[in-house]
Amino acid sequence: MNKVTTFAMPILSVLIIAACGGTVVETVDDTTTSITDDDVQAVDTSKFELGTSSSITEVSCTLSNGESSTCYSITINGFPSDRTELGPFCPTTTTTEAVDAGKWFDDGVLYDLTGEFISKLDIFYGDSNWQLYDENTKEVKITDTQTACEAAARPDVSAEYNNYCVQCDISYYSDTDGEGISSTYLIPVTPVQRSSAGSVDRSSIGVAFNGVVLDAAAPTEDILSAYTIAAFDDCVGHVNPTAGYHYHGANHGEGTCPGVDFEEDGHGGAFGYALDGYAIHTMLDENGDEESDLDTCRGHTDDERGYHYHSAGAGENLFIGCFTGETAR
Amino acid sequence: MIIGKSSKHLVGILLISFTFSAQAHESHTHSAPWQVCESKKVTEACEYTNGEMDIYKGTCQVFNSALMCVRNQPIVHAESSTESTEKNVSGNTATKVN
C-alpha cells in the first residue's frame, strides 16, 4: 500500500477505496516492451509544481518485486496548483450551457454535461427511469450538501440519491483555500522494469505535476446503475470524500483545464509520473496524431525520452493499461 | 446530438447502404470496454465500437477486479472507417474494414 490518505473516515473509506483507490499490483502474464538501461530515465522532480503543504523527499522503499530501493515520497495537498477553483461539475438547470457545466464520459467519448444532456439521459441510455431534474422547475437534482455527497459518492449509492447529479465540494474536506485532502505516494527514483506487466486493478496510476492523483477507472457500472452521474469538471476530475479531488482521464487545454506544452520535437507533453516512475505524456502530438507503437500498457520508447507512457483519450476512463515497472509496496 | 438505442436499426440500415455519417450514434451501453472483455483473458486482444461509431482496439487489462479493454492502437474514427468502406464498395467488396 503506497498511498497514505491523511483524511480519516474509516467506514466510508472502505466503500470509496473499493471504487477509487487501494494499491495491490498483481503480475500480468504479459510481455511488455523490452527496455534497456539506456531507455530508463530517472524521475525529474523539478517537473512537479506542487501547491502549499506539499513536499518531495527521498526515502528508502521496497518495490513490488521485494527488492530494496530508493523512492521519492511525494506528498500532495490534493488541489491542482495550476488552478484557483474546481469545477464546474453538474449543470444547475436543463438549459445550462457547456461553459457552465462539466463533463461525463461514455464508451470512450467525453461529453459536455449540459442541461440538455441531463434532460435526455433517458434517451441516451435507453432507460426511462433516468430523471435527474425536476419536471416543473427544470432544476437539476444535485448533491449540494456534504451529507448528500457522502451518501451518493460511493459504489452503494443511498437509494434516496438515485437520479441525482453527484458532486462534492472540496471545502467539505479542507478549511484552507487551494488545498484538498493530503496524500502521499511513493515513486521509485529510477524505474525498474518488471519481468511482466503489473495490473493497475484498484491502484492509483500516478501523480500529475500539478499535485493531483491520477486514479484508477471510475466504477461507471455502479454509478449508472443507481441512476447517478458522478460529474467531472473539464479536467475529468471530481471530488470524493477519501481521495479528494482526483482525475479519471486526461483532458488538457479545454474550458477551465490548463493545457500541456508539447515537447520541443512536437511529441506529446508530459503531465505526470506513473507510480512506477515512468513519465506519462499526452495522447496526441502537435499534429494531432497518436503514437502507433504503444505496448499493452500504452508505453513505448524513443531516443529522446526513453520508455514512457501516453495517456488514453479523455473519455476512456483510464490513463495507462498496466505498469511496466515495479511500484513501491 | 443524442440518439438512443432505437437508432440501432437506423444505423444498421445506413451501414448496409454504406452511407452512414459520422453524426450517427449507435448505442450507449456505457460498458462496452468491460463487456467486450467479459469472456476474455488478461492481455487478450479486444475491440469495441463507441456511440460515435469509432473503433477502439487494444487488450484486456485488470481494473477494479474486472477486465477492461485498454486501447493501445490509434482510434479508428468513423470518418476514416467510412472512407475505407466506400473504397471496398467501389471494389465490390461488402466487408467493412477496420
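Residues numbered from 1 in each chain as written. Chains lettered and ligands numbered in written order. Predicted model: local features only at pLDDT ≥ 70, side-chain atom pairs only at ≥ 80, totals over all residues. Heavy atoms only, no water.

## Focus on the sheet that holds strand β17 (residues 306-310) of chain A
All names here are of chain A. So the rule is basically this: Strands were regarded as paired on the criterion that DSSP finds at least two bridges between them. Under the scheme used here, helices are H or I runs from DSSP no shorter than 4 residues and strands are E runs no shorter than 2 residues, and both carry numbers assigned from the N terminus.
Pairing in this open sheet of eight strands is mixed, and the strands run β12-β13-β10-β9-β14-β15-β17-β16 from one edge to the other. Edge strands, defined here as strands with exactly one partner in the open sheet, are β12 (237-240) and β16 (299-302). Sheet topology places strand β10 (residues 213-214) next to strand β13 (residues 244-247); two bridges connect them, and they run parallel. If you follow V213 over to β13, its bridge partner there is H246.

## Describing the state of the cysteines
All names here are of chain A. Operational definition: By definition, disulfides here are pairs of cysteine sulfur atoms that lie within 2.5 Å. Relative accessible area decides the class of each residue, using a 1.4 Å probe on protein chains only: under 20% of the type maximum gives buried, over 50% gives exposed, and in between gives partly exposed.
Counted under the stated rule, the structure contains seven disulfides over all chains. Two residues, C61 and C71, share a disulfide whose sulfurs are 2.0 Å apart. Linking C61 and C71, the disulfide has an S-S dihedral of approximately 75° and is accordingly described as right-handed. Here C61, found in strand β2 (residues 55-62), pairs with C71, found in strand β3 (residues 68-76); they are 10 residues apart in sequence, far enough to count as distant. This pair shows no difference in class: C61 is buried, exactly as C71 is. Covalently, C90 is tied to C165 through a disulfide, its sulfur atoms 2.0 Å apart. Across the disulfide from C90 to C165, rotation about the S-S bond amounts to roughly -95°, and the bridge is consequently left-handed. Note that C90 is positioned in the loop between β3 and β4 (103-106) and C165 in strand β6 (residues 164-166), a separation of 75 residues in sequence. For C90, a relative accessible area of 5% translates into the label buried. Take the cysteines of chain B that form disulfides and number them in order along the sequence; they join up as 1-3, 2-4. Among the cysteines of chain A that take part in disulfides, numbered as they appear in the sequence, the pairing is 1-2, 3-5, 4-6, 7-8, 9-10.

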